[in-house]
Amino acid sequence: MAFEDVHWTRQGVPILRGLSFTIPANQVTAIVGLTGSGKSTIAKLLLRLEGVTTGRVTLNGHDLCNVTHNALRSNVNYVEQTPQFFESKSVAHNLGYATASTGKLAGQELVEEAAKLGHIYDAIKEKPEGRYWLVFGLRSTFSGGEQHRIAISRALLKPKPLLVLDEATSALDSATEERVMESIRKHCGTVTTTVIIAHRLSTVKQADQIVVIDKGQVAQVGTHTTLYADKEGIYSRLWAASGVTDGSGT
Ligand SMILES: Nc1ncnc2c1ncn2[C@@H]1O[C@H](COP(=O)(O)OP(=O)(O)OP(=O)(O)O)[C@@H](O)[C@H]1O
């Protein structure tokens, strides 16, 4: 996929200003930048929840605006900051819904396997109704981080060619986040193009490519090692501002 000189303006205010970068197939691309720099807008353009003002977002060279919403939906898993659930349905139903497009919800075995991959299995079983997977009212029953893990489990239950994670692990503690990210890497492996939007820089260290956005423009593109080595670059400054080191001792 690629962004080709993309501009996105709202109420006369330019938000994305001539953005160009590629998202290599079947690799992990991370998008980082200060708050308000335009990261979530990039996700929305990828998902066609918004349209570009000028420029193109392409998939295999074809303008994404020619891809139908249905085709896109069946090819993209999107884990957003506030995951959507059916509140009147059980946790098993919400997870099994991953295969709804086949006309059938996933069975219990697949649901449990996915919950294990997303590291939410134990938390579900600990609920009084969890034994039967009949936990209802997910938003009032599970914490923000648990809801994210349920949403990630649902995405892992039925991997699709594109996975977009928008701050999907930000509510987890670092150790749990690392385990969940490892699951995503292992399970999606080389069959999924993954785009991760994250504030916490440790989340993106392992990405194949990191795109640094500054005020709606691409400031830097590279791996953690190359970007971190550039001490004048925004990426290094974001690390310095985060108050933690990257663990390399440099
Ligand atoms: N629909 C909209 N109408 C007007 N302005 C918008 C709209 N959506 C986003 N913006 C503005 O565009 C800018 C970029 O927003 P965006 O959510 O993409 O940033 P972000 O980098 O994801 O921020 P954060 O890290 O805080 O989530 C912000 O200034 C935001 O207020």
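Residues numbered from 1 in each chain as written. Predicted model: local features only at pLDDT ≥ 70, side-chain atom pairs only at ≥ 80, totals over all residues. Heavy atoms only, no water.

- An unreviewed UniProt entry annotates the protein as P-loop containing nucleoside triphosphate hydrolase protein originating from Dimargaris cristalligena.

## Observations concerning the packing of helix H7 (residues 144-157) against helix H8 (residues 174-188)
- For the pair H7 and H8, interaxial distance at closest approach is 11 Å and the crossing angle is 10 degrees. What the angle tells us is that H7 and H8 run roughly parallel. Listed contacts from H8 to Arg149, Ile152 and Leu156 of H7 are Thr176, Val180, Ser183, Ile184, His187 and Cys188.
- Considering only residue class, the contact of H7 with H8 consists of five nonpolar, three polar and one charged. (Axes fitted to C-alpha atoms, helices over the stretch in contact; angles between N-to-C directions. Helix = DSSP H or I, 4+ residues; strand = E, 2+ residues; numbered from the N terminus. Parallel < 35°, antiparallel > 145°, perpendicular 65-115°, else oblique. Contact = heavy atoms within 4.5 Å. Nonpolar A, V, L, I, M, F, W, Y, C, P; charged D, E, K, R; others polar.)

## Points about the pattern of salt bridges
- Throughout the structure, instances matching the rule amount to six salt bridges.
- A salt bridge links Glu4 to Arg56, with the nearest nitrogen and oxygen atoms 3.1 Å apart. You can see Glu4 sitting in strand E1 (residues 2-10) and its partner Arg56 sitting in strand E4 (residues 54-59), a full 52 residues away along the chain.
- Judged by relative accessible area, which is 32%, Glu4 ranks as partly exposed.
- Note that Lys215 is salt-bridged to Asp214, the shortest N-O span being 3.8 Å.
- The class for Asp214 is partly exposed, based on a relative accessible area of 24%.
- Within the structure, one salt-bridge network assembled from shared partners comprises Glu178, Glu182 and Arg185. (Salt bridge = Lys/Arg side-chain N within 4 Å of Asp/Glu carboxyl O. Buried < 20%, exposed > 50% of the residue type's maximum accessible area, 1.4 Å probe, protein only.)

## A short note on the nonpolar core
- Core analysis: the largest hydrophobic core is formed by 48 residues, its most contacted members being Val91, Ile124, Trp133, Ile184, Ile210 and Tyr235.
- In terms of residue count, the dominant contributor to this core is H7 (six residues).
- Each of domain 1 (20-51 + 63-75 + 160-250) and domain 2 (83-159) contributes no fewer than three residues to this core.
- Aside from chain neighbours lying at most four places away, what touches Ile124 is Val91, Leu95, Ala115, Gly130, Trp133, Val135 and Phe142.
- Within the second largest apolar cluster, 24 residues are counted, among which are Phe3, Ile31, Leu46 and Ile197. (Core = buried A, V, L, I, M, F, W, Y, C linked by side-chain atoms within 4.5 Å. Domains from an automatic or database assignment.)

## Structural notes on unusual backbone geometry
- Located in the positive-phi region is Asp5, a residue other than glycine, with phi close to 50 degrees.
- Along the polypeptide, Asp5 turns up in strand E1.
- A positive phi is found at Arg48, a non-glycine position, where the angle reads about 60 degrees.
- Assignment of secondary structure puts Arg48 in the loop between helix H1 (39-46) and E4.
- In this structure Arg48 comes out as partly exposed when scored by relative accessible area, which is 22%.

## As for the pairing of strand E8 (residues 193-197)
- The buried count for E8 comes to five of five residues, which makes it a mostly enclosed element.
- Once the chain exits strand E7 (residues 162-166) it traverses H8 before rejoining the sheet at E8, and the crossover so formed is right-handed. (Right-handed = clockwise from strand over helix to strand, strands pointing away.)

## Quick notes on the domain arrangement of the protein
- Under the domain assignment used here, the protein contains domain 1 (20-51 + 63-75 + 160-250) and domain 2 (83-159).
- Between the C-alpha centres of domain 1 and domain 2 the distance comes to 25 Å.
- If you look at the interface, domain 1 gives 16 residues, while domain 2 gives 12 residues.
- Both faces considered, domain 1 and domain 2 share a buried interface measuring about 1,200 Å² in area, 72% of it formed by carbon and sulfur atoms.
- For the interface between domain 1 and domain 2, the tally reads zero salt bridges.
- Elements with a contribution of two residues or more to the side of domain 1 that touches domain 2: E7 and H8.
- At seven residues, H8 tops the list of elements feeding residues into the side of domain 1 that touches domain 2.
- Classifying every residue of the side of domain 1 that touches domain 2 by side-chain character gives eight nonpolar, five polar and three charged. (Buried area = accessible area lost by both parts, 1.4 Å probe.)

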